[in-house]
Amino acid sequence: MSQDFAPHSVVTPGARIGPGVTVGHGTIIYEQVEIGEGTKIDEHCVIGLPAGDEVGPLRIGRDSHIRSHAVCYQGAELGDALETGHHVVIRSGARAGENLRLGSFSSLEGDLTIGDYVRIHGYTQVGRGSQIGDFAWIFSLCTLTNDPLPPSDLFRPVSIGAGAVICVGATLMPGCRVGRGAFVAAGARVADTVPDATVLAADGHLAGPIDRLMNLESGVSHPWLRHFTAGYPPSAHARLSQLRDEILGACARGFAS
Amino acid sequence: MSQDFAPHSVVTPGARIGPGVTVGHGTIIYEQVEIGEGTKIDEHCVIGLPAGDEVGPLRIGRDSHIRSHAVCYQGAELGDALETGHHVVIRSGARAGENLRLGSFSSLEGDLTIGDYVRIHGYTQVGRGSQIGDFAWIFSLCTLTNDPLPPSDLFRPVSIGAGAVICVGATLMPGCRVGRGAFVAAGARVADTVPDATVLAADGHLAGPIDRLMNLESGVSHPWLRHFTAGYPPSAHARLSQLRDEILGACARGFAS
Amino acid sequence: MSQDFAPHSVVTPGARIGPGVTVGHGTIIYEQVEIGEGTKIDEHCVIGLPAGDEVGPLRIGRDSHIRSHAVCYQGAELGDALETGHHVVIRSGARAGENLRLGSFSSLEGDLTIGDYVRIHGYTQVGRGSQIGDFAWIFSLCTLTNDPLPPSDLFRPVSIGAGAVICVGATLMPGCRVGRGAFVAAGARVADTVPDATVLAADGHLAGPIDRLMNLESGVSHPWLRHFTAGYPPSAHARLSQLRDEILGACARGFAS
C-alpha cells in the first residue's frame, strides 16, 4: 500500500506513518505522531500538535478516518477504526478504544477514557476525566462536566456505563454516574446516579427499567442492543449479545424489586 | 467577469466554475462541483467532498458567499444567493432554495429540504430528513432530531412551516410539526404539533395566537412579517406580504374559535 | 526576537507584525492588522478578514496565542495576553481587555465590550452588544442574546458584572443584567436582573447570597475569588482581592436585609 500526501500538506520527518496512509490538502502532521496502516487524514487538519515532551506521542490506530479541520494533540491514544466528523478537537491524555465515532464539532478535553465502539454525535463536549464504557451512545449537544463549584480546582468527573444512551442536549453534572445500559432523555440534567438499565426522564425523575421504553407505533423497544446492531463489525457482535443479556437481567431484577 | 483563485487554493480540473467566481486562500474544490456566476468561496473550505457517484454533483447557485472553513459535500443542491457563516457543514442530499443564510458552526445533515429565504443562525444542527418552509427562522443552538427511540433505524424527521420562528436553544423532537407562522420560545422542547400562527411557550404550553406576542416597551408585535422585511430582496416582498396575510388570517380564525 | 512565518502561510505586506510573532502553517494575515510582540498565531487561521474601511484595523496585543482555525475580523481590538482555543470567530467591533481566554468554537459577535481577565469556555455565543465585566466567567454552551421579539430590529443586549459566574448551558435573555459577583446555575434562563453577589438557581428562582454556595464535601465556598486565583498573573492579584472584598460586602448587606 502506497502512501499519498496531498500537495499542500506537510508531513514532518520523524512522524511514523504506516503504509497506505493518505494525508489531505493543507493538513500538517507534526513530529511526535504514529499513524497506523490504511488510515486517512483529510483536509486542513492539525495532527500531533505539540503539548510538551512528557505526554508522549499521538497514536492513531489503523483503518481510521479523520475528517477535515480536525485538531489532535500529542499525547492522545486513539484505537483502530476511529472515525471522526469535521472540526473535532482531541486533547492530550484522551484514550479511546476501538472504533470510536466522534461527530463534527465535538471535543475530547483530555485525561479521559473511552471504551470500544462508542458513538458520540456532534457539538458534544466530553470534559476532562470522563469515563465512558463500551458501546455507549452520546447524542448531540451534550456536556460532560467535572467542576462542582465552578470555577474551582475541585474535580469530580462523570462516568457513563457500557451500552448507556445519553440523548440530545443532556447535561451531566459533576460526579454523576450513568449506569450500564441506562437511558437519559433529551434535555435531562443528570445530577446524581442513574441505576443500571434505568430511564431518567427529561424532568429528572427515574422512570423505570429501560425495557419499558417503547416506540408504540413500531413496537420497537429498548434495550437498543436487541434491534440495532448493523453498524458494528462482526467481531463486536458477541460482546454486544453479552451486554444485551446483562442489561435485560438488570431490567428483570429492577422489575422484581 | 474574471475568476480569481488565491495562490494556495486548488481547483480541480473538471469542476464547473462560473464567471467571476473567487476562491480563497487554502480552499480545495473537487471535481463534481458546479458553481454559479459571481459566487465567492472564502478561505480553507472543502467544496464538493466526494460522497459516491450516485449522489450527483454539488451545485451552488450564483451570487453566493461561502465563508471560511466550510465543508460542502458532493450531492447537495444550494440555490442562488446562499450566504454562510464560518465552519459550516453541508452534507449530501441537502436541498435549499434561494437566499438561505446559514450561521457559523451550523450543519445541514443531508436528505433535507429547505425553502426560499430561510435564516438559520449558528450552532444549529438540522437533522436528516427535515422539511423547512420558506421564510422560516431558526435561531442559534437548536436541534432538529429524527430518531424517536435512539439509537434506532426508526426515522421521524420534523417539519417547520413557512414563516415560523424557532428561538434559541429549542429542541424539535422526532416527528414534530411546527405550523406556518408559529413561534417556538427560547429553550422550548417541541414534542408534538404547534398549530399555524400559534405560540409555544418555554414551558411547553400553547400560549395563543402569535399576534398577541408583543414587545410592550416598543409596541412591536408579531407576526414579524409586518415589521421586519428589510433583510429581503425586493423580489421577495410580494411573497412576504402574501404569507403575512395568510398568517394574520390564521390568527383571526384561532381567536374566533 | 525574530519572526517565524510557516511555509504555507501568507502574511500580506502592509500588516504590522511585531517582533517575535510566529505564524502557523496555512494561516493568512490580511492587510489591516496590527499584532503585538511575541504573539503566536497557529495553523489555518484567517486574521484581519476585511470588513470595510470604516471599522479600522484588527489589533491583537502582545504575548497572545491564537489557536488553529480561528477567524478574526478587521475592526476588533483585543488586549495583551489573549488566549483562544480552536475554531473561534471574532467579529468587527469586539473589544476585549487584557488576558481574555476564549474557548474553542466560541464566537464574539461584534460591537461588544469585554473587561480584563475574562474567561469564556467553548461553544458560547456572545451576542452583539454584550457588556462583560472584569474577571467574569462564562462556561460552555451559553448564549448571550439581544433581540426581545425575534426576528426584529429591537436591540436589548445583556450585561454581566465583574466576577460573575455563568455556568454551562445558561441562556441570557435579551436585556437581562447579571450583577457583580452573581452566580447563574447550569441550564438557567436569565430573564431579568440577578442582583450583585446573588445565586440564580437552575429553576429560575433567586437562591440567596453567593457565600452560602458551598461544596459540602470539601468545604470550599463562594465567592470563588477566595479560593481560585492561581490562573491569574501576579499583576492581577490586587484587583482580585479588591473585587472579592466588594462581593463579600454585598453578601453581608444582602444577608442583613
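Remember, it's a predicted structure, so these values are computed and weren't measured experimentally.

Draft legend 1. Inspection of the overall build of chain A at higher detail. When helices and strands are tallied, chain A shows one helix and 32 strands. Taking 2.2 N^0.38 as the reference for a compact globule, 257 residues should give roughly 18 Å; the C-alpha atoms of chain A span a radius of gyration of 19 Å, in line with that estimate. Seen along its three principal axes, the alpha-carbon backbone of chain A occupies a region of about 60 × 45 × 30 Å. Looking at the 257 residues of chain A, the share that counts as buried comes to 60%. Within chain A, contacts between residues separated by at least 24 positions form 23% of all contacts whose residues are at least 6 apart in sequence. When the accessible area of chain A is evaluated, it comes to approximately 9,400 Å², of which 50% is carbon and sulfur surface. Within chain A, one finds 19 positive and 26 negative side-chain charges whose respective centroids are separated by 5 Å.

Draft legend 2. Molecular detail of the interface of chain B and chain C. Tallying the contact residues gives 33 residues for chain B and 40 residues for chain C. In total, chain B and chain C occlude about 2,600 Å² of area from one another, counting both sides; carbon and sulfur atoms represent 64% of this. At the junction of chain B and chain C, the tally comes to one salt bridge. When the shortest N-O distance is used, the salt bridge between E217 of chain B and R156 of chain C registers 3.2 Å. Between the two partners, chain B and chain C, sit 13 residue pairs in polar contact (both at pLDDT 80 or more). Among the residues making up the side of chain B that touches chain C, the classes are represented as 16 nonpolar, 14 polar and three charged.

Draft legend 3. Main features of the sheet that holds strand β12 (residues 77-78) of chain B. All names here are of chain B. The strand order across the open sheet formed by 10 strands is β3-β6-β9-β12-β15-β18-β21-β24-β27-β30, and the pairing between neighbours is parallel. The sheet is open, and its two edges are formed by β3 (16-17) and β30 (193-194), each paired on a single side. Relative to strand β21 (residues 131-132), strand β18 (residues 112-114) is paired through two bridges, and the arrangement is parallel. Bridged to I114 within β21 is I132.

Draft legend 4. Quick peek at the interface of chain C and chain A. Counting from both sides, the interface comprises 33 residues of chain C and, opposite them, 40 residues of chain A. In total, chain C and chain A occlude about 2,500 Å² of area from one another, counting both sides; carbon and sulfur atoms represent 64% of this. The interface formed by chain C and chain A holds one salt bridge in total. Remark: the boundary between chain C and chain A carries 13 residue pairs in polar contact (both at pLDDT 80 or more). Across the side of chain C that touches chain A, the residue classes tally to 16 nonpolar, 14 polar and three charged.

Draft legend 5. Spatial organisation of the packing of aromatic side chains. With the rule as written, the count across this model stands at 27 aromatic pairs over all chains. By the ring-pair criterion, three or more aromatic residues cluster together here, those being Y117, F135, W137, F139, W224, F228 and Y232 of chain A. Directly above the aromatic system of F155 of chain B lies the positively charged group of R128 of chain B, at a separation of 4.6 Å from the ring centroid.

Draft legend 6. Structural context of the relation of the copies chain B and chain C. Between the two copies, chain B and chain C, the superposition gives an RMSD of 0.0 Å; the rotation angle is 120° and the shift along the axis is 0.0 Å. The relationship between the two copies is best expressed as a three-fold rotation axis.

Draft legend 7. Spatial organisation of the sheet that holds strand β11 (residues 71-73) of chain C. All names here are of chain C. Read across the open sheet, the 10 strands follow the order β2-β5-β8-β11-β14-β17-β20-β23-β26-β29; overall the sheet is parallel. In this open sheet, the two edge strands, each paired with only one partner strand, are β2 (10-11) and β29 (189-190). Sheet topology note: the strand β14 (residues 89-90)/strand β17 (residues 107-108) ladder contains two bridges and is parallel. For I90, the partnering residue across the bridge sits in β17 and is L108.

Draft legend 8. Fine view of the environment of G26 of chain A. Among the secondary structure elements, G26 of chain A is positioned in the loop between β4 (22-23) and β5 (28-29). Put simply, G26 of chain A and N99 of chain A are 73 residues apart on the chain and 26 Å apart in space, counted from C-alpha to C-alpha.

Draft legend 9. Region of the structure containing the pairing of strand β32 (residues 206-209) of chain A. Residue and element names in this part refer to chain A. Judged from the two bridges that link them, strand β31 (residues 198-200) and β32 form a sheet pairing that is antiparallel. For T198, the partnering residue across the bridge sits in β32 and is P209. In sequence, β31 turns back onto β32 through a hairpin of five residues, with G204 there showing a positive phi of about 95°.

Draft legend 10. Representation of the confidence of the model for chain A within the structure. Looking at chain A, pLDDT values average 95 and 99% of them are 70 or higher. The ipTM value of the predicted complex is 0.96, and its pTM value is 0.97.

Draft legend 11. Spatial organisation of the side chain of S106 of chain A. Summarising the element assignment, S106 of chain A is placed in the loop between β16 (101-102) and β17 (107-108). Here the side chain of S106 of chain A touches H121 of chain A through a polar contact of 2.7 Å, landing on its backbone oxygen. Those residues within four positions of S106 of chain A in sequence are excluded, and the remaining contacts are H87, V88, V89, I120, H121, G122, Y123 and T124 of chain A together with F105 and Y123 of chain C.

Draft legend 12. Region of interest: the pattern of salt bridges. Residues and elements named next belong to chain C. Inspection of every chain in the model, using the stated rule, returns 42 salt bridges over all chains. Put simply, E34 and R16 hold a salt bridge, and the shortest N to O gap is 3.5 Å. Taken together, the residues E34 in strand β6 (residues 33-35) and R16 in strand β3 (residues 16-17) connect sequence positions 18 residues apart. With relative accessibility at 55%, the residue R16 sits in the exposed group. The salt bridge involving R180 is made with E246; its shortest N-O contact spans 2.5 Å. Of this pair, R180 sits in the loop between β27 (177-178) and β28 (183-184) while E246 sits in helix α1 (residues 237-256), placing them 66 residues apart in sequence. On the basis of relative accessibility, which here comes to 34%, the residue R180 falls in the partly exposed class.

Draft legend 13. Local environment of unusual backbone geometry. In this model, P150 of chain A is joined to P151 of chain A through a cis peptide bond whose omega is -10°. Structurally, the position occupied by P151 of chain A is in the loop between β23 (143-144) and β24 (159-160). Unusually for a residue other than glycine, Y123 of chain A sits at a positive phi of about 60°. On the secondary structure map, Y123 of chain A appears in the loop between β19 (119-120) and β20 (125-126). Residue Y123 of chain A is classed as buried on the basis of its relative accessible area of 2%. Here Y117 of chain C, not a glycine, exhibits a phi torsion of approximately 60°, which is positive.

Cut-offs applied
Residues numbered from 1 in each chain as written. Chains lettered and ligands numbered in written order. Predicted model: local features only at pLDDT ≥ 70, side-chain atom pairs only at ≥ 80, totals over all residues. Heavy atoms only, no water. Helix = DSSP H or I, 4+ residues; strand = E, 2+ residues; numbered from the N terminus. Rg over C-alpha atoms; globule rule 2.2 N^0.38 Å. Buried < 20%, exposed > 50% of the residue type's maximum accessible area, 1.4 Å probe, protein only. Contact = heavy atoms within 4.5 Å. Areas by Shrake-Rupley, 256 points an atom, 1.4 Å probe, with all protein chains shown as cover. Lys, Arg positive; Asp, Glu negative; His and termini not counted. Charge placed at Lys NZ, Arg CZ, Asp CG, Glu CD. Buried area = accessible area lost by both parts, 1.4 Å probe. Salt bridge = Lys/Arg side-chain N within 4 Å of Asp/Glu carboxyl O. Polar contact = N/O pair within 3.5 Å; in protein donor to acceptor, adjacent residues only side chain to side chain. Nonpolar A, V, L, I, M, F, W, Y, C, P; charged D, E, K, R; others polar. Pairing = 2+ DSSP bridges. Phe/Tyr/Trp six-rings, centres within 6.5 Å; stacked < 30°, edge-to-face > 60°. Lys NZ or Arg CZ within 6 Å of the ring centre and 35° of its normal. Least-squares fit on C-alpha atoms with pLDDT ≥ 70 in both. pLDDT = per-residue confidence, 0-100.

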